[in-house]
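Geometric and topological summary
Read off the chains here:
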Amino acid sequence: MRRIASAVVLCLLVFLTPARSAEQPASATLTGFTAESTRSEREWEEKFKQIPSPDNMRESMRRLSARPHHVGSPYDKDNAEWILARFKEYGWEAQIETFDVLFPTPKTRLVELVAPTRFTAKLEEPALANDPTSNQKSEQLPTYNAYSHDGDVTAPLVFVNYGLPADYEKLDRLGISVKGAIVIAKYGNSWRGIKPKVAAEHGAIGCLIYSDPKDDGYAVDQTFPDGPMRPKDGVQRGSVMDMPLYPGDPLTPGVGAKPDTKRLKLEDSQSITKIPVLPISYADAQPLLAALGGPVAPEEWRGGLPITYHIGAGPAKVHLVVKSNWDIKKVYDVVARMPGSSAPDQWIVRGNHHDAWVNGAEDPESGQMALLEEARALGELRKQGWKPKRTIIYCAWDGEEPMLLGSTEWGEFHAEELKQHGAIYINSDGNGRGYLGASGSHSLEHLVNEVAKDVRDPEAKVSAWKRLQATTIANAKSADDRSEARTRGDLRIGALGSGSDYTVFLDHLGMATLDIGYGGEDDGGIYHSIYDDFYWYTHFSDTTFVYGRALSQTIGLAVMRFADADILPYEFSGLADTARKYSKQLQTLLKNKQDEVQEQNQQLQDGVFAAVNDPRRPQVAPKTEAVPPHINFAPLENALDALTRSADRYKKALSGAQERGVAEASMTAINERLIQAERQLTNNDGLKRRPWFKHLLYAPGWYTGYGAKTMPGIREAIEEKRYADAEAEVQRVAKALADEASWIDTTAGELEKATATQK
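Residues numbered from 1 in each chain as written. Predicted model: local features only at pLDDT ≥ 70, side-chain atom pairs only at ≥ 80, totals over all residues. Heavy atoms only, no water.

What follows covers the overall build of the chain. Across its full length, the chain holds 23 helices and 16 strands. For the chain, the C-alpha radius of gyration of 27 Å lies close to 27 Å, the compact-globule estimate for 759 residues. Seen along its three principal axes, the alpha-carbon backbone of the chain occupies a region of about 90 × 65 × 60 Å. The burial tally for the chain puts 61% of its 759 residues in the buried class. For the chain, contacts bridging at least 24 residues in sequence account for 80% of all contacts bridging at least 6. As displayed, the chain has an accessible area near 28,100 Å², and 51% of this comes from carbon and sulfur atoms. Computed over 89 positive and 105 negative side-chain charges, the inter-centroid distance for the chain is 2 Å. (Helix = DSSP H or I, 4+ residues; strand = E, 2+ residues; numbered from the N terminus. Rg over C-alpha atoms; globule rule 2.2 N^0.38 Å. Buried < 20%, exposed > 50% of the residue type's maximum accessible area, 1.4 Å probe, protein only. Contact = heavy atoms within 4.5 Å. Areas by Shrake-Rupley, 256 points an atom, 1.4 Å probe, with all protein chains shown as cover. Lys, Arg positive; Asp, Glu negative; His and termini not counted. Charge placed at Lys NZ, Arg CZ, Asp CG, Glu CD.)

Bridge count for strand S1 (residues 93-115) against strand S9 (residues 317-338) is 21 bridges, and the pairing is antiparallel. Counted as the bridge partner of Gln 95 is Val 335 from S9. Summarising the sheet, strand S4 (residues 151-159) and S9 pair through six bridges and their orientation is antiparallel. When the bridges of S9 are listed, Val 153 appears paired with Leu 320. (Pairing = 2+ DSSP bridges.)

Once that is clear, we can look at the pattern of salt bridges. Opposite charge on two side chains allows them to pair when their charged atoms are near. With the rule as written, the count across this model stands at 46 salt bridges. Measuring nitrogen to oxygen at the nearest pair gives 2.9 Å for the salt bridge that ties Glu 374 to Arg 350. Here Glu 374 is found in helix H9 (residues 361-383), whereas its partner Arg 350 is found in strand S10 (residues 343-353), with 24 residues between them in sequence. Across this residue pair, the class does not change: Glu 374 and Arg 350 are buried. Glu 445 is paired through a salt bridge with Arg 488; the nearest N and O atoms lie 3.1 Å apart. Note that Glu 445 is positioned in helix H13 (residues 445-452) and Arg 488 in the loop between helix H15 (479-487) and helix H16 (503-508), a separation of 43 residues in sequence. Given the relative accessible area of 2%, Glu 445 is considered buried. One salt-bridge network, in which partners are shared between bridges, spans Lys 688, Arg 689, Arg 690, Glu 716, Glu 720, Arg 722 and Asp 725. (Salt bridge = Lys/Arg side-chain N within 4 Å of Asp/Glu carboxyl O.)

Turning next to the environment of Gly 713. Secondary-structure assignment places Gly 713 in helix H22 (residues 712-719). With 329 residues separating them along the chain, Gly 713 and Gln 384 place their C-alpha atoms 50 Å apart. Setting aside its immediate chain neighbours within four residues, Gly 713 contacts Leu 687 and Glu 729.

What follows covers the packing of aromatic side chains. Tallied over the entire structure, the rule returns 23 aromatic pairs. Summarising the aromatic geometry, the rings of Phe 159 and Tyr 309 are spaced 5.9 Å apart at their centres and angled 45° between planes, so their arrangement reads as tilted. Residue Phe 159 is located in strand S4, and its partner Tyr 309 is located in the loop between helix H8 (282-290) and S9; the two are separated by 150 residues in the primary sequence. Judged on exposure class, the residue Phe 159 and its partner Tyr 309 are both buried. An angle of 70° between the planes, with centres 4.9 Å apart, marks the rings of Trp 692 and Phe 693 as edge-to-face. Classification of Phe 693 as buried rests on a relative accessible area of 1%. Joined through ring pairs, the aromatic side chains of Phe 224, Tyr 531, Tyr 535 and Phe 540 make up one cluster. (Phe/Tyr/Trp six-rings, centres within 6.5 Å; stacked < 30°, edge-to-face > 60°.)

For Gln 368, the location among the structural elements is in helix H9. Those residues in contact with Gln 368 that sit more than four places away from it in its chain are Leu 64, Ile 83, Asn 352, His 353, His 354 and Ala 396.

With an omega dihedral of -5°, the bond running from Gly 312 to Ala 313 counts as a cis peptide bond. Pro 364 follows Asp 363 through a cis peptide bond whose omega is 20°. Relative to the helices and strands, Pro 364 resides in helix H9. A positive phi angle, close to 60°, is found at Asn 161, a residue other than glycine. Even without being glycine, Lys 461 reaches a positive phi, approximately 65°. Structurally, the position occupied by Lys 461 is in the loop between H13 and helix H14 (464-474).

Close contact between helix H20 (residues 634-660) and helix H23 (residues 723-756) brings their axes to 8 Å; oriented N to C, the two are set at 20°. Considering the angle they form, H20 stands roughly parallel to H23. Both H20 and H23 take part in a crossing whose hand is left-handed. (Axes fitted to C-alpha atoms, helices over the stretch in contact; angles between N-to-C directions. Parallel < 35°, antiparallel > 145°, perpendicular 65-115°, else oblique. Left-handed = near helix turned anticlockwise from the far one by under 90°.)

A regular strand places its side chains on the two faces of the sheet in alternate fashion. Here strand S8 (residues 277-280) shows a buried face lined by Val 277 and Pro 279 and a second buried face lined by Leu 278 and Ile 280. As defined by bridge partners, strand S6 (residues 206-210) adjoins S8 across four bridges and the pair is classed as parallel. Bridging from a neighbouring strand, Tyr 210 pairs with Ile 280 of S8.

The next thing to look at is the nonpolar core. If you look at the biggest cluster of nonpolar residues, it comprises 217 residues, and the most contacted ones within it are Phe 87 and Leu 737. With 12 residues, the top contributor of residues to this core is H23. Here Phe 87 is in contact with Trp 92, Ala 94, Val 334, Ala 336, Leu 371, Leu 372, Ala 375 and Tyr 394, once residues within four sequence places are set aside. (Core = buried A, V, L, I, M, F, W, Y, C linked by side-chain atoms within 4.5 Å.)

Viewed as axis vectors pointing N to C, H9 and helix H18 (residues 546-564) meet at an angle of 50°, and their least axial separation amounts to 9 Å. In terms of their interaxial angle, H9 and H18 are classed as oblique. As H9 runs across H18, the sense of the crossing is right-handed. Mapping the contact onto sequence places Gly 367, Met 369, Ala 370, Glu 373, Glu 374, Leu 378 and Leu 381 in H9 and Gly 548, Leu 551, Ser 552, Ile 555, Gly 556, Val 559 and Met 560 in H18.

Turning our attention to the environment of His 508. Tracing the backbone shows His 508 in helix H16. Residue classification places His 508 among the buried positions, given a relative accessible area of 11%. Taking the C-alpha atoms as reference, His 508 lies 50 Å from Thr 117; in sequence the two are 391 residues apart. Leaving out residues up to four positions away in the same chain, His 508 has contacts with Glu 412, Thr 503, Trp 692 and Lys 694.

Below, the structure written as C-alpha cells:
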C-alpha cells in the first residue's frame, strides 16, 4: 500500500500546478533577514548543503550499530566516547555529561499456557545466518518491557484487542470482565505503556503485548530477511513507564538525576506499571490465542493469524513471571558547543539519541549519523570564516529508549539556563526513505516551509516542500484538506505529543521545538528488535543514505537560519490559525458528545416504551445519562481574536524591519523577547493529574501516550466527561493565549519603534 501511495505522489508531482510557486525563489528575502544578510546567508547555506556525505553516514552507522548498545552496556559508553572524539575533531567544544538513573533489566521471564493444554513461550529472537550482527546474544538485552512491575501470576487469559479504553467498553457490553485476569493485547493504535495502564485500571493482574502480523508482519510485506517486516519470532522491546505522567528517571521527577540527588523509594514511584507485563512474538502469541474460548472477537478485532480469534475468558490459563534487577546506571550525554559571535546567550539546541534497545541502525543511528554530518559541515564552514551569531549546542542523548532519560535529566538539570537562553530545540530520531515529516511549535511552521523549499528531494528531484505538498494532497481525508494543501500559504505541520527527546524542551520548559525526519516509503517491521541493524537498513530502508543527507541539509539549514538571523525567524500567524482550528475541534467534540448522549437516551426510552406495550418483555426503568452541559468558549474565542490581530501586526512589523533594518542593540532586546514567546503558553501548575507537563496547547494524551492531545486540558476533560474541569481549562487556555497575544503585540510595537528610528 505504501508503494502504491508513493506512485500516486509521484504522479501528482507531474500534474500538480498549485496557485503559488512550489520552490523558494533564490532572490527571496528570508524571514528574519534583510536583503543583504539574506544574500550572505544563502551563500553559506549553499556551501553547507554540499558537505554532508552519504558515504560518511554509512560508515558512522556501521560503527555505531556494530554491537548492542543499550543503557549500561560497554558499547553504549564506547559510542559516546567515539561521538565525543568526532565533535572535537570537527572543531566543537565538547564534553560528556552523566546522570545516574534507574534502569531495570530482566532476570526472570516466563510465559506458559497451563490450561487447557501446556505451552511455554520461547521469548527469544533467533539469529539469522545472513544477518551478521543478529548473533551477538551475550550482549543483547532479552525481550522485555522496561519498568514492568515484578510479579508471578497465574490467571485466565482475555483478549482485549489493542487494550484501549474503547476496547474495554466493548468488553463491558459483551459482559466480559478482566478483573483477576491476564490480558493479551495487540501492539499498535496507541503507545505500548497505555495497555498495561488501562488493564490495571480494569482489575487485570498481568499483561502480554504481541505484534500481530496483520499490523506488523506478513500481511503487510515479506518478512525479514526476505523483506522488511517483522518475522514470526520478532519481538518489540520497549518501555512501559507511565510517560504521560512524567518521563525521565522515575525516582527523580522534575530534578536532574545527579549522584547526590534525593531519590524516591522504588515503591513510591508513580510511573512504574502496577502489574507485570511482557512483549511476545506472534509465534508465541498464536498458541495462547488459539486456546481461548468465549465469544468470537468482533470483526475489527481480528488479526492476521490463521486462527479464529476468541475473547475468553478461559479456558486458556496463563502463568506469567517478570522479575528485574532494579539498578542505577549511568547515561552518557555528549554535548558540543559552537559559541555565538555576537549573541552567545541565545542558544540553538539540536539533538538525537545514540542509545538503542539492541543494535539500533534505524532507531536511532539513522538520525545520529545525520546529526554528526551536520556538525562536521558546520565545523567546516567555521574554518572557512562563517561565524554564527548565536551559540549552537549539539547533543547526542543517551537513555532515550527507556524513556527519554538523558534528555529529560539534562533539561531538568539545566532548566533555568534553558528557560533564559533556549531559542529553539530541533530533534530527530529515526530517518528513512520518503517524504519530509515535521511537527512542533506552530510559531516555527513558516520556518519549516521556507527550509523545505530549499532542500531537494533526492528521488523525486523536486523540493522537499513540493513532494510534501503532493503527499499531503494524496493522503487528504477530505476535499477541504486537499484544497487547503493546494492554496494555503504554508503547509501545516503536526502537533507534538511525546516519544522522543523533544518532550522536556517543549512540554516542561516551554521552548519552541521541532521534530523532523524523512520516511513513509520503507516498511519497518524490525522496530526494537535484534534485526534493527546495518544489514536490514542497507537492504530495506535508505539504502544509498541520500535521505540521511537530506535530513542533514534540512535540519542544518534550520539551525543556520536561527543562528544567523537578524531577528529570530518566528512567525505567529500559523500559531493563531492552528489554535483556532483546535478550538473549533473542541466545540465540535462537545456537540458530538451532546448529540450522542441524546440519541442513546432516546433509544433507551424507546426500548422501555416498547417493553411497556409488550407484556412478554420485562419493564425496566431507563438508565439515561445526563446530557453534557454547555461550555462557554467565548473567552477562548476572544483570546484567539487577539492572537490573530497581534500575529498580523507582528508580521507587518517584521516585514518593515527586514526592509529598513534595525539597530543591533534593539535587535538583541527584541530577540530576547521572542525567545520567551513560547513560554507564555505554559502554566507553572501544569496539567491536571500531571503537573510536570506545563504546555497548555500540546501534550501526550493520557490514554494515547505518543499521540498528541491539543489543548489537552480541555480536550481530555470533555472526552472523560469531566465537564466542570473543561470549563475551568477553557479559562486557563484562554489566559495563556491572551498572554501570548499581549507578548507578541508588545514585541511588534518595539519592532515598529526600532524600525522607525532607522528612517
